[in-house]
Amino acid sequence: MTAGDSNFSDIPAEEETVIEETTFKDYPETRRQRPWWTIMLMGMALGVGITMGGMRLLGNRPQSQPKVANQSTQPLAPAMTVTLALVEFTKVARNLNVTGTVAASELTPVLPQSNGLQIKQILVKQGDSVKENQVMAVLDDSLLQDQIRQAKAEVESQQAEVASREADLSSKQAALESSKANLISNQATVEHRQADLAQAKAKLKEAERNYQRNLKLSNQGAISKQLFETAQTNFETAKEAVRIAQANIRSAQANVNSAQAGVSSAQAGVSSAKARVNSAKAGVRSVTARVQQLKTQLGQTVVRAPVSGIVAEKLARVGDITGVPPQTQVGTVVGGSQKLFSIIRQGNLELQAKVPTVQLSQIKIGAPAQITTDANNQVKLRGKVTEIEPVVNQQRREATVKIDLPPTDLLKPGMFARAAIVTDTSMAVAIPQKAVLPQPDGSAIVFTINEEKIASSTKVETGEILKDGKIEIKSGLQPGKSVVVNGAGYLKDGDKVRVAKP
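Residues numbered from 1 in each chain as written. Predicted model: local features only at pLDDT ≥ 70, side-chain atom pairs only at ≥ 80, totals over all residues. Heavy atoms only, no water.

*Asks:* Even after reading the chapter, I still don't get the environment of Ser308, so can you show me in this structure?
*Replies:* Note on placement: Ser308 falls in the loop between strand 8 (302-304) and strand 9 (309-314). Note on Ser308: relative accessible area 17%, which makes it buried. Once you skip the residues sitting within four places of it in the chain, Ser308 turns out to touch Val130, Lys131, Glu132, Ile343, Ile344, Arg345 and Gln346. (Helix = DSSP H or I, 4+ residues; strand = E, 2+ residues; numbered from the N terminus. Buried < 20%, exposed > 50% of the residue type's maximum accessible area, 1.4 Å probe, protein only. Contact = heavy atoms within 4.5 Å.)

*Asks:* Quick question: what am I supposed to make of the pattern of salt bridges here?
*Replies:* Think of it this way: side chains of opposite charge can pair up when their charged atoms draw near. Under the defined criterion, the tally for this structure stands at 16 salt bridges. Ionic pairing is found between Arg317 and Asp320, a salt bridge with its closest N-O pair at 3.4 Å. Relative accessible area serves as the criterion here: at 44%, Arg317 is assigned to the partly exposed category. A salt bridge links Lys402 to Glu350, with the shortest nitrogen-to-oxygen separation between them at 4.0 Å. Pair noted here: Lys402 is in strand 16 (residues 398-405) and Glu350 is in strand 13 (residues 349-356), with a separation of 52 residues, a long-range link. A relative accessible area of 6% places Glu350 in the buried class. Through salt bridges with shared partners, one network takes in Glu350, Glu387, Glu389 and Lys402. (Salt bridge = Lys/Arg side-chain N within 4 Å of Asp/Glu carboxyl O.)

*Asks:* Sorry, what's going on with helix 3 (residues 142-220) here?
*Replies:* One turn of the α-helix equals 3.6 residues, which is why residues spaced by three or four share an orientation. For helix 3, which comprises 79 residues, the first-to-last C-alpha distance of 115 Å matches the rise-based estimate of 117 Å (1.5 Å per residue) to within 8%. Gly221 sits one or two positions beyond helix 3 and adopts a positive phi of about 75°. (Expected span 1.5 Å × (residues − 1).)

*Asks:* I'm lost on the layout of surface pockets in this one. Help?
*Replies:* Rolling a probe over the atoms, with the probe sized like a water molecule, indicates the empty space that remains. Roughly 560 Å³ of internal volume is contained in the second largest pocket. Around the second largest pocket sit 18 residues that line it, and Ala93, Arg382, Ile465, Leu466 and Lys467 are the ones nearest its centre. Put simply, the parts of the chain that give the lining of the second largest pocket at least two residues each are strand 3 (88-104), strand 14 (368-373), strand 17 (416-432) and strand 20 (455-465). Ranked by residue count, the leading element in the lining of the second largest pocket is strand 3, at 5 residues. Per-class residue counts for the lining of the second largest pocket are 7 nonpolar, 5 polar and 6 charged. (1 Å grid on protein atoms, 1.4 Å probe; cavity = no way out; pocket = protein on both sides within 12 Å on 5 of 7 lines; lining within 4 Å. Points joined across faces, edges and corners; volume = space filled by probe spheres on them. Nonpolar A, V, L, I, M, F, W, Y, C, P; charged D, E, K, R; others polar.)

*Asks:* Explain the packing of helix 3 against helix 4 (residues 225-299) to me, please; I cannot follow it from the model alone.
*Replies:* Relative orientation and spacing of two packed helices are given, respectively, by the angle between their axes and the distance between those axes. In contact at an axis separation of 4 Å, helix 3 and helix 4 are set at 170° when each is read in the N-to-C sense. Relative to helix 4, the element helix 3 lies roughly antiparallel. Looking at the contact of helix 3 with helix 4, its residues break down into 39 nonpolar, 28 polar and 19 charged. (Axes fitted to C-alpha atoms, helices over the stretch in contact; angles between N-to-C directions. Parallel < 35°, antiparallel > 145°, perpendicular 65-115°, else oblique.)

*Asks:* I would appreciate a short explanation of the pairing of strand 14 in the present structure.
*Replies:* Where a strand is regular, its side chains alternate between the two sheet faces. Along strand 14, the buried face is formed by Ala369, Ile371 and Thr373; none of Pro368, Gln370 and Thr372, which line the opposite face, is buried. Pairing between strand 14 and strand 15 (residues 376-393): 5 bridges, direction antiparallel. By the bridge assignment, Thr373 is partnered in strand 15 with Asn376. Counting the residues in the hairpin turn of strand 14 and strand 15 gives 2 residues. Two elements, strand 14 and strand 17, share 4 bridges in a ladder whose sense is antiparallel. When the bridges of strand 17 are listed, Ala369 appears paired with Ile421. (Pairing = 2+ DSSP bridges.)

*Asks:* Teacher, can you tell me more about the sheet that holds strand 9 here?
*Replies:* Strand pairs in the sheet, formed through backbone hydrogen bonds, run parallel or antiparallel to each other. In spatial order, the strands read 4-12-9-6; together these 4 strands make up an open sheet with antiparallel pairing. One side of each edge strand has no neighbouring strand; the edge strands of this open sheet are strand 4 (107-110) and strand 6 (129-130). Sheet topology places strand 9 next to strand 12 (residues 341-345); 5 bridges connect them, and they run antiparallel. Paired with Gly309 across the strands is Arg345, a residue of strand 12.

This is the structure in C-alpha coordinates:
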(Lines give C-alpha, C1' and ligand atoms only; values in the text may rest on other atoms or scores of the structure.)
Protein backbone atom coordinates (compact mmCIF):
# COMPACT_ATOMS: atom_id res chain seq x y z
CA MET A 1 0.00 0.00 0.00
CA THR A 2 1.13 3.59 -0.60
CA ALA A 3 1.44 6.37 1.85
CA GLY A 4 -2.01 7.49 0.92
CA ASP A 5 -3.46 4.37 2.57
CA SER A 6 -2.84 5.85 5.96
CA ASN A 7 -6.07 7.77 5.54
CA PHE A 8 -8.01 4.51 6.09
CA SER A 9 -6.37 3.57 9.33
CA ASP A 10 -9.16 5.20 11.33
CA ILE A 11 -11.87 3.12 9.68
CA PRO A 12 -13.14 0.40 12.03
CA ALA A 13 -12.45 -3.15 10.84
CA GLU A 14 -16.06 -4.14 11.46
CA GLU A 15 -17.50 -1.45 9.06
CA GLU A 16 -17.51 -1.87 5.34
CA THR A 17 -16.18 1.20 3.56
CA VAL A 18 -17.36 1.88 -0.01
CA ILE A 19 -15.36 4.24 -2.29
CA GLU A 20 -16.69 5.06 -5.75
CA GLU A 21 -14.37 3.94 -8.52
CA THR A 22 -13.25 6.67 -10.98
CA THR A 23 -12.75 5.83 -14.72
CA PHE A 24 -10.91 7.95 -17.16
CA LYS A 25 -12.09 7.94 -20.79
CA ASP A 26 -10.15 9.42 -23.68
CA TYR A 27 -7.11 9.49 -21.46
CA PRO A 28 -4.70 10.55 -24.25
CA GLU A 29 -6.78 13.53 -25.27
CA THR A 30 -7.22 14.75 -21.78
CA ARG A 31 -3.50 14.55 -21.19
CA ARG A 32 -2.88 16.73 -24.18
CA GLN A 33 -5.48 19.37 -23.25
CA ARG A 34 -5.22 19.69 -19.40
CA PRO A 35 -2.50 21.30 -17.28
CA TRP A 36 0.16 19.19 -15.55
CA TRP A 37 -1.32 19.49 -12.07
CA THR A 38 -4.62 18.14 -13.41
CA ILE A 39 -2.80 15.11 -14.73
CA MET A 40 -1.16 14.66 -11.31
CA LEU A 41 -4.50 14.67 -9.52
CA MET A 42 -5.92 12.17 -11.95
CA GLY A 43 -2.93 9.89 -11.39
CA MET A 44 -3.50 9.96 -7.67
CA ALA A 45 -7.16 9.14 -8.13
CA LEU A 46 -6.20 6.27 -10.41
CA GLY A 47 -3.86 4.88 -7.72
CA VAL A 48 -6.64 5.01 -5.16
CA GLY A 49 -8.98 3.21 -7.53
CA ILE A 50 -6.48 0.43 -8.15
CA THR A 51 -5.98 -0.01 -4.42
CA MET A 52 -9.69 -0.26 -3.70
CA GLY A 53 -10.10 -2.70 -6.56
CA GLY A 54 -7.47 -4.95 -5.02
CA MET A 55 -9.24 -4.81 -1.68
CA ARG A 56 -12.51 -5.81 -3.35
CA LEU A 57 -10.79 -8.76 -5.00
CA LEU A 58 -9.46 -9.89 -1.61
CA GLY A 59 -12.92 -9.49 -0.13
CA ASN A 60 -14.37 -11.84 -2.78
CA ARG A 61 -12.05 -14.75 -1.81
CA PRO A 62 -13.56 -17.92 -0.23
CA GLN A 63 -14.51 -17.67 3.44
CA SER A 64 -12.01 -20.41 4.39
CA GLN A 65 -9.10 -18.01 3.88
CA PRO A 66 -8.51 -15.48 6.70
CA LYS A 67 -8.60 -11.81 5.91
CA VAL A 68 -5.19 -10.14 5.92
CA ALA A 69 -5.19 -6.98 7.98
CA ASN A 70 -2.47 -4.50 8.65
CA GLN A 71 -1.52 -4.90 12.35
CA SER A 72 -0.37 -1.34 12.46
CA THR A 73 -3.79 -0.12 11.45
CA GLN A 74 -6.23 -2.74 12.95
CA PRO A 75 -7.22 -2.72 16.72
CA LEU A 76 -6.30 -5.89 18.76
CA ALA A 77 -9.00 -8.43 19.55
CA PRO A 78 -8.91 -10.09 23.02
CA ALA A 79 -6.76 -13.25 22.92
CA MET A 80 -8.54 -15.01 25.82
CA THR A 81 -10.37 -14.54 29.13
CA VAL A 82 -8.20 -14.54 32.27
CA THR A 83 -8.64 -14.15 36.01
CA LEU A 84 -6.61 -11.80 38.17
CA ALA A 85 -5.33 -11.90 41.73
CA LEU A 86 -4.14 -9.04 43.91
CA VAL A 87 -0.55 -8.86 45.10
CA GLU A 88 -0.80 -8.57 48.89
CA PHE A 89 1.09 -8.93 52.13
CA THR A 90 0.82 -12.18 54.10
CA LYS A 91 2.61 -14.00 56.91
CA VAL A 92 5.50 -16.14 55.71
CA ALA A 93 7.09 -18.88 57.79
CA ARG A 94 10.87 -19.23 57.42
CA ASN A 95 11.82 -22.89 57.37
CA LEU A 96 14.91 -24.93 58.14
CA ASN A 97 14.97 -28.05 55.98
CA VAL A 98 16.32 -31.17 57.71
CA THR A 99 16.29 -34.91 57.08
CA GLY A 100 15.96 -37.86 59.40
CA THR A 101 14.49 -41.28 60.12
CA VAL A 102 10.97 -42.15 61.26
CA ALA A 103 10.99 -43.99 64.59
CA ALA A 104 8.55 -44.98 67.32
CA SER A 105 8.22 -42.24 69.92
CA GLU A 106 7.49 -44.85 72.61
CA LEU A 107 8.34 -48.52 72.00
CA THR A 108 6.80 -50.86 74.60
CA PRO A 109 8.27 -54.39 74.95
CA VAL A 110 5.94 -57.36 75.37
CA LEU A 111 7.46 -59.92 77.77
CA PRO A 112 6.25 -63.36 78.83
CA GLN A 113 5.04 -63.54 82.42
CA SER A 114 6.22 -67.14 82.70
CA ASN A 115 9.61 -68.40 81.59
CA GLY A 116 10.46 -71.91 80.55
CA LEU A 117 7.24 -72.46 78.57
CA GLN A 118 7.03 -73.29 74.90
CA ILE A 119 5.28 -70.86 72.56
CA LYS A 120 2.28 -72.72 71.19
CA GLN A 121 0.52 -70.10 69.07
CA ILE A 122 1.18 -66.57 67.71
CA LEU A 123 -1.89 -64.52 66.82
CA VAL A 124 -0.44 -61.23 65.47
CA LYS A 125 2.12 -60.19 62.90
CA GLN A 126 4.32 -57.18 62.42
CA GLY A 127 2.36 -54.07 61.48
CA ASP A 128 -0.91 -55.24 63.05
CA SER A 129 -2.88 -52.82 65.18
CA VAL A 130 -3.64 -54.21 68.65
CA LYS A 131 -5.79 -53.12 71.59
CA GLU A 132 -4.78 -53.21 75.24
CA ASN A 133 -5.22 -56.74 76.72
CA GLN A 134 -5.60 -58.26 73.26
CA VAL A 135 -4.19 -61.82 73.08
CA MET A 136 -0.98 -61.84 71.05
CA ALA A 137 0.41 -65.33 71.76
CA VAL A 138 -0.46 -68.51 73.66
CA LEU A 139 2.08 -70.62 75.58
CA ASP A 140 1.91 -74.38 76.16
CA ASP A 141 0.23 -75.00 79.56
CA SER A 142 0.36 -78.82 79.72
CA LEU A 143 3.27 -78.84 82.20
CA LEU A 144 1.46 -76.37 84.44
CA GLN A 145 -1.70 -78.45 84.30
CA ASP A 146 0.26 -81.51 85.55
CA GLN A 147 1.86 -79.49 88.31
CA ILE A 148 -1.54 -78.16 89.38
CA ARG A 149 -2.98 -81.68 89.59
CA GLN A 150 -0.02 -82.86 91.70
CA ALA A 151 -0.28 -79.84 93.98
CA LYS A 152 -4.01 -80.41 94.49
CA ALA A 153 -3.38 -84.03 95.46
CA GLU A 154 -0.76 -82.85 97.92
CA VAL A 155 -3.24 -80.39 99.39
CA GLU A 156 -5.71 -83.20 100.01
CA SER A 157 -2.99 -85.29 101.68
CA GLN A 158 -1.98 -82.39 103.89
CA GLN A 159 -5.58 -81.74 104.82
CA ALA A 160 -5.97 -85.40 105.90
CA GLU A 161 -2.84 -85.07 108.04
CA VAL A 162 -4.29 -81.97 109.64
CA ALA A 163 -7.49 -83.85 110.51
CA SER A 164 -5.48 -86.70 112.07
CA ARG A 165 -3.35 -84.36 114.12
CA GLU A 166 -6.37 -82.39 115.22
CA ALA A 167 -7.93 -85.66 116.49
CA ASP A 168 -4.75 -86.44 118.43
CA LEU A 169 -4.83 -82.93 119.81
CA SER A 170 -8.38 -83.44 121.00
CA SER A 171 -7.32 -86.66 122.73
CA LYS A 172 -4.41 -84.91 124.40
CA GLN A 173 -6.66 -82.09 125.49
CA ALA A 174 -9.11 -84.62 127.03
CA ALA A 175 -6.23 -86.28 128.91
CA LEU A 176 -5.15 -82.90 130.15
CA GLU A 177 -8.62 -82.17 131.45
CA SER A 178 -8.70 -85.55 133.20
CA SER A 179 -5.30 -84.87 134.76
CA LYS A 180 -6.48 -81.52 135.95
CA ALA A 181 -9.59 -83.09 137.49
CA ASN A 182 -7.45 -85.72 139.22
CA LEU A 183 -5.19 -83.01 140.52
CA ILE A 184 -8.12 -81.13 141.94
CA SER A 185 -9.44 -84.29 143.56
CA ASN A 186 -6.07 -85.07 145.12
CA GLN A 187 -5.72 -81.52 146.34
CA ALA A 188 -9.17 -81.87 147.99
CA THR A 189 -8.01 -85.12 149.62
CA VAL A 190 -4.93 -83.38 150.96
CA GLU A 191 -7.10 -80.71 152.46
CA HIS A 192 -9.38 -83.35 153.99
CA ARG A 193 -6.39 -85.20 155.39
CA GLN A 194 -5.05 -81.98 156.79
CA ALA A 195 -8.39 -81.48 158.58
CA ASP A 196 -8.17 -85.03 159.95
CA LEU A 197 -4.65 -84.30 161.14
CA ALA A 198 -5.78 -81.17 162.94
CA GLN A 199 -8.57 -83.11 164.63
CA ALA A 200 -6.17 -85.90 165.61
CA LYS A 201 -3.74 -83.40 167.05
CA ALA A 202 -6.56 -81.86 169.09
CA LYS A 203 -7.51 -85.28 170.45
CA LEU A 204 -3.85 -86.03 171.12
CA LYS A 205 -3.52 -82.86 173.08
CA GLU A 206 -6.63 -83.70 175.16
CA ALA A 207 -5.45 -87.26 175.70
CA GLU A 208 -2.03 -85.97 176.75
CA ARG A 209 -3.61 -83.69 179.37
CA ASN A 210 -5.72 -86.54 180.73
CA TYR A 211 -2.71 -88.75 180.82
CA GLN A 212 -0.60 -86.21 182.74
CA ARG A 213 -3.40 -85.58 185.20
CA ASN A 214 -4.12 -89.23 185.73
CA LEU A 215 -0.41 -89.94 186.03
CA LYS A 216 -0.13 -87.41 188.82
CA LEU A 217 -3.21 -88.73 190.54
CA SER A 218 -2.00 -92.27 190.13
CA ASN A 219 1.31 -91.44 191.76
CA GLN A 220 -0.63 -89.93 194.64
CA GLY A 221 -2.76 -93.01 194.75
CA ALA A 222 -5.80 -90.95 194.17
CA ILE A 223 -7.12 -93.05 191.30
CA SER A 224 -7.14 -96.61 190.44
CA LYS A 225 -4.53 -98.22 188.30
CA GLN A 226 -7.18 -99.14 185.80
CA LEU A 227 -8.28 -95.55 185.26
CA PHE A 228 -4.64 -94.52 184.79
CA GLU A 229 -4.06 -97.21 182.17
CA THR A 230 -7.17 -96.12 180.30
CA ALA A 231 -5.84 -92.57 180.14
CA GLN A 232 -2.48 -93.87 179.03
CA THR A 233 -4.08 -95.99 176.26
CA ASN A 234 -6.11 -93.04 175.03
CA PHE A 235 -2.96 -90.96 174.89
CA GLU A 236 -1.12 -93.58 172.83
CA THR A 237 -4.13 -94.01 170.56
CA ALA A 238 -4.26 -90.25 169.96
CA LYS A 239 -0.60 -90.18 169.06
CA GLU A 240 -1.13 -93.02 166.59
CA ALA A 241 -4.08 -91.19 165.07
CA VAL A 242 -1.90 -88.15 164.51
CA ARG A 243 0.80 -90.29 162.91
CA ILE A 244 -1.76 -91.93 160.62
CA ALA A 245 -3.24 -88.54 159.70
CA GLN A 246 0.19 -87.25 158.86
CA ALA A 247 0.87 -90.34 156.74
CA ASN A 248 -2.44 -89.84 154.97
CA ILE A 249 -1.48 -86.24 154.21
CA ARG A 250 1.84 -87.32 152.77
CA SER A 251 0.09 -89.90 150.62
CA ALA A 252 -2.50 -87.37 149.43
CA GLN A 253 0.25 -84.84 148.69
CA ALA A 254 2.10 -87.48 146.71
CA ASN A 255 -1.07 -88.03 144.71
CA VAL A 256 -1.31 -84.27 144.15
CA ASN A 257 2.28 -84.17 142.93
CA SER A 258 1.59 -87.09 140.63
CA ALA A 259 -1.55 -85.40 139.33
CA GLN A 260 0.41 -82.21 138.73
CA ALA A 261 2.99 -84.17 136.79
CA GLY A 262 0.17 -85.75 134.80
CA VAL A 263 -1.23 -82.33 134.07
CA SER A 264 2.16 -81.05 132.96
CA SER A 265 2.65 -84.09 130.76
CA ALA A 266 -0.81 -83.70 129.30
CA GLN A 267 -0.15 -80.00 128.65
CA ALA A 268 3.09 -80.89 126.89
CA GLY A 269 1.20 -83.45 124.82
CA VAL A 270 -1.40 -80.85 123.92
CA SER A 271 1.27 -78.32 122.98
CA SER A 272 3.04 -80.92 120.85
CA ALA A 273 -0.23 -81.91 119.19
CA LYS A 274 -1.04 -78.26 118.52
CA ALA A 275 2.38 -77.79 116.94
CA ARG A 276 1.83 -80.82 114.74
CA VAL A 277 -1.59 -79.49 113.75
CA ASN A 278 -0.17 -76.06 112.98
CA SER A 279 2.62 -77.67 110.96
CA ALA A 280 0.09 -79.67 108.98
CA LYS A 281 -2.03 -76.58 108.43
CA ALA A 282 1.06 -74.66 107.29
CA GLY A 283 1.74 -77.45 104.83
CA VAL A 284 -1.79 -77.13 103.51
CA ARG A 285 -1.41 -73.39 103.16
CA SER A 286 1.93 -73.79 101.39
CA VAL A 287 0.62 -76.29 98.89
CA THR A 288 -2.58 -74.25 98.42
CA ALA A 289 -0.46 -71.19 97.69
CA ARG A 290 1.52 -73.21 95.20
CA VAL A 291 -1.70 -74.29 93.51
CA GLN A 292 -2.78 -70.65 93.31
CA GLN A 293 0.60 -69.67 91.92
CA LEU A 294 0.38 -72.37 89.28
CA LYS A 295 -3.13 -71.21 88.40
CA THR A 296 -1.80 -67.66 88.08
CA GLN A 297 0.97 -68.93 85.83
CA LEU A 298 -1.66 -70.81 83.87
CA GLY A 299 -3.40 -67.51 83.23
CA GLN A 300 -0.06 -66.03 82.21
CA THR A 301 0.31 -68.54 79.41
CA VAL A 302 -1.84 -66.10 77.43
CA VAL A 303 0.42 -63.22 76.34
CA ARG A 304 -1.61 -60.01 76.13
CA ALA A 305 -0.81 -56.56 74.76
CA PRO A 306 0.13 -54.24 77.64
CA VAL A 307 -0.88 -51.15 75.63
CA SER A 308 -2.77 -50.27 72.48
CA GLY A 309 -0.71 -49.54 69.39
CA ILE A 310 1.00 -51.06 66.36
CA VAL A 311 3.18 -54.18 66.42
CA ALA A 312 6.64 -52.92 65.46
CA GLU A 313 8.57 -56.15 66.08
CA LYS A 314 7.62 -59.84 66.15
CA LEU A 315 10.54 -61.71 67.69
CA ALA A 316 8.68 -64.78 68.94
CA ARG A 317 8.35 -67.99 66.96
CA VAL A 318 6.16 -71.02 67.52
CA GLY A 319 8.22 -73.60 69.40
CA ASP A 320 10.53 -71.13 71.17
CA ILE A 321 10.97 -71.48 74.93
CA THR A 322 10.21 -68.29 76.85
CA GLY A 323 13.19 -66.90 78.70
CA VAL A 324 15.59 -68.73 76.37
CA PRO A 325 16.04 -66.48 73.30
CA PRO A 326 17.65 -67.87 70.13
CA GLN A 327 21.28 -66.98 69.52
CA THR A 328 20.18 -64.45 66.91
CA GLN A 329 18.09 -62.64 69.55
CA VAL A 330 20.43 -62.47 72.52
CA GLY A 331 19.93 -58.73 72.56
CA THR A 332 16.17 -59.03 73.05
CA VAL A 333 16.32 -60.00 76.73
CA VAL A 334 14.74 -57.34 78.96
CA GLY A 335 14.91 -57.74 82.75
CA GLY A 336 15.76 -61.42 82.49
CA SER A 337 12.86 -62.21 80.16
CA GLN A 338 12.87 -62.63 76.43
CA LYS A 339 11.10 -59.87 74.49
CA LEU A 340 8.43 -61.43 72.30
CA PHE A 341 7.02 -58.31 70.62
CA SER A 342 7.44 -54.54 70.54
CA ILE A 343 4.44 -52.21 70.32
CA ILE A 344 4.46 -48.62 69.15
CA ARG A 345 2.30 -47.14 71.92
CA GLN A 346 -0.86 -45.62 70.41
CA GLY A 347 0.92 -45.81 67.03
CA ASN A 348 2.82 -42.62 67.88
CA LEU A 349 5.74 -41.90 65.56
CA GLU A 350 8.44 -39.26 65.56
CA LEU A 351 10.97 -38.03 63.05
CA GLN A 352 14.49 -38.10 64.44
CA ALA A 353 16.16 -35.43 62.33
CA LYS A 354 19.88 -34.68 62.28
CA VAL A 355 20.62 -30.96 62.62
CA PRO A 356 24.10 -29.35 62.52
CA THR A 357 25.01 -27.69 65.79
CA VAL A 358 25.38 -24.30 64.08
CA GLN A 359 21.66 -24.39 63.24
CA LEU A 360 20.35 -25.65 66.57
CA SER A 361 19.81 -22.13 67.89
CA GLN A 362 17.18 -21.57 65.17
CA ILE A 363 14.98 -24.40 66.44
CA LYS A 364 12.60 -24.02 69.36
CA ILE A 365 10.62 -26.65 71.25
CA GLY A 366 7.04 -26.62 69.99
CA ALA A 367 7.96 -25.25 66.55
CA PRO A 368 5.70 -26.62 63.77
CA ALA A 369 7.18 -28.64 60.93
CA GLN A 370 6.02 -29.87 57.52
CA ILE A 371 6.86 -33.56 56.97
CA THR A 372 7.37 -35.10 53.50
CA THR A 373 9.07 -38.17 52.09
CA ASP A 374 10.40 -39.16 48.69
CA ALA A 375 8.87 -42.61 49.14
CA ASN A 376 5.30 -41.29 49.01
CA ASN A 377 4.19 -37.99 47.49
CA GLN A 378 0.94 -38.15 49.48
CA VAL A 379 2.79 -37.57 52.74
CA LYS A 380 2.28 -33.95 53.78
CA LEU A 381 1.98 -34.01 57.54
CA ARG A 382 2.14 -31.33 60.19
CA GLY A 383 4.44 -32.19 63.10
CA LYS A 384 5.85 -30.41 66.14
CA VAL A 385 9.33 -30.30 67.67
CA THR A 386 9.14 -32.08 71.03
CA GLU A 387 12.76 -32.59 72.04
CA ILE A 388 16.32 -31.60 71.21
CA GLU A 389 18.71 -34.23 72.50
CA PRO A 390 21.48 -32.69 74.61
CA VAL A 391 24.21 -35.03 73.31
CA VAL A 392 25.88 -34.02 70.04
CA ASN A 393 27.53 -36.50 67.68
CA GLN A 394 31.24 -35.70 67.99
CA GLN A 395 32.16 -36.95 64.52
CA ARG A 396 29.40 -35.20 62.55
CA ARG A 397 28.74 -32.32 64.95
CA GLU A 398 25.03 -33.02 64.69
CA ALA A 399 22.25 -33.20 67.25
CA THR A 400 19.05 -35.21 67.05
CA VAL A 401 15.84 -33.18 66.95
CA LYS A 402 12.67 -35.18 67.62
CA ILE A 403 9.53 -34.12 65.77
CA ASP A 404 6.22 -35.59 66.90
CA LEU A 405 4.11 -36.93 64.03
CA PRO A 406 0.32 -37.27 63.82
CA PRO A 407 -1.20 -40.77 63.52
CA THR A 408 -0.80 -42.03 59.95
CA ASP A 409 -0.58 -45.24 57.95
CA LEU A 410 1.67 -43.62 55.34
CA LEU A 411 4.85 -43.69 57.45
CA LYS A 412 6.61 -46.66 59.00
CA PRO A 413 9.54 -46.83 61.44
CA GLY A 414 12.82 -46.81 59.56
CA MET A 415 11.59 -44.71 56.63
CA PHE A 416 13.58 -41.68 55.48
CA ALA A 417 11.71 -38.36 55.65
CA ARG A 418 12.23 -34.64 55.39
CA ALA A 419 11.03 -31.85 57.64
CA ALA A 420 10.69 -28.13 57.09
CA ILE A 421 10.90 -26.69 60.61
CA VAL A 422 9.43 -23.22 61.07
CA THR A 423 12.14 -21.00 62.56
CA ASP A 424 10.58 -17.54 62.10
CA THR A 425 7.45 -15.80 60.81
CA SER A 426 7.44 -12.44 59.00
CA MET A 427 5.35 -10.37 56.56
CA ALA A 428 6.07 -10.74 52.84
CA VAL A 429 4.49 -10.22 49.42
CA ALA A 430 2.58 -13.24 48.12
CA ILE A 431 0.53 -14.26 45.08
CA PRO A 432 -1.16 -17.49 43.94
CA GLN A 433 1.41 -20.07 42.91
CA LYS A 434 -0.46 -20.69 39.65
CA ALA A 435 0.41 -17.15 38.53
CA VAL A 436 4.16 -17.90 38.53
CA LEU A 437 5.55 -19.31 35.25
CA PRO A 438 8.96 -21.05 35.53
CA GLN A 439 11.35 -20.34 32.66
CA PRO A 440 13.93 -22.64 31.02
CA ASP A 441 16.80 -20.60 32.47
CA GLY A 442 15.57 -21.21 36.02
CA SER A 443 13.98 -17.79 36.45
CA ALA A 444 10.25 -17.09 36.84
CA ILE A 445 7.83 -14.54 35.39
CA VAL A 446 4.29 -13.35 36.02
CA PHE A 447 1.90 -11.46 33.72
CA THR A 448 0.35 -8.15 34.70
CA ILE A 449 -2.42 -6.27 32.86
CA ASN A 450 -2.44 -2.54 32.14
CA GLU A 451 -5.49 -0.30 31.84
CA GLU A 452 -5.90 -1.23 28.15
CA LYS A 453 -6.04 -4.93 29.09
CA ILE A 454 -2.65 -5.61 27.48
CA ALA A 455 -0.53 -8.36 29.08
CA SER A 456 3.13 -7.85 29.89
CA SER A 457 5.57 -10.21 31.63
CA THR A 458 7.52 -9.31 34.76
CA LYS A 459 10.49 -11.25 36.08
CA VAL A 460 10.14 -12.14 39.77
CA GLU A 461 12.18 -13.83 42.47
CA THR A 462 10.22 -16.42 44.42
CA GLY A 463 10.64 -17.54 48.02
CA GLU A 464 8.75 -19.90 50.34
CA ILE A 465 5.77 -21.91 49.13
CA LEU A 466 2.89 -20.94 51.40
CA LYS A 467 -0.36 -22.56 52.38
CA ASP A 468 -3.59 -21.98 50.39
CA GLY A 469 -1.66 -22.37 47.13
CA LYS A 470 0.33 -19.14 47.47
CA ILE A 471 4.01 -18.39 47.05
CA GLU A 472 6.26 -15.68 48.43
CA ILE A 473 7.60 -13.04 46.00
CA LYS A 474 10.92 -11.64 47.16
CA SER A 475 11.30 -9.07 44.36
CA GLY A 476 9.66 -7.94 41.13
CA LEU A 477 6.16 -7.04 42.39
CA GLN A 478 4.67 -4.44 44.66
CA PRO A 479 1.52 -4.88 46.78
CA GLY A 480 -1.62 -3.60 45.13
CA LYS A 481 -0.85 -4.75 41.58
CA SER A 482 -2.81 -7.53 39.90
CA VAL A 483 -1.35 -10.61 38.25
CA VAL A 484 -2.91 -13.12 35.84
CA VAL A 485 -3.75 -16.46 37.47
CA ASN A 486 -5.93 -18.61 35.20
CA GLY A 487 -4.69 -18.38 31.61
CA ALA A 488 -1.23 -17.04 32.43
CA GLY A 489 0.47 -20.02 30.79
CA TYR A 490 -1.07 -19.18 27.40
CA LEU A 491 -0.10 -15.49 27.24
CA LYS A 492 2.75 -13.63 25.63
CA ASP A 493 3.79 -10.02 25.87
CA GLY A 494 1.39 -7.68 24.07
CA ASP A 495 -1.65 -9.98 24.15
CA LYS A 496 -4.95 -8.26 24.78
CA VAL A 497 -7.16 -10.12 27.25
CA ARG A 498 -10.63 -10.09 28.64
CA VAL A 499 -10.76 -10.09 32.44
CA ALA A 500 -13.35 -12.38 33.97
CA LYS A 501 -15.48 -10.81 36.64
CA PRO A 502 -14.81 -12.21 40.10
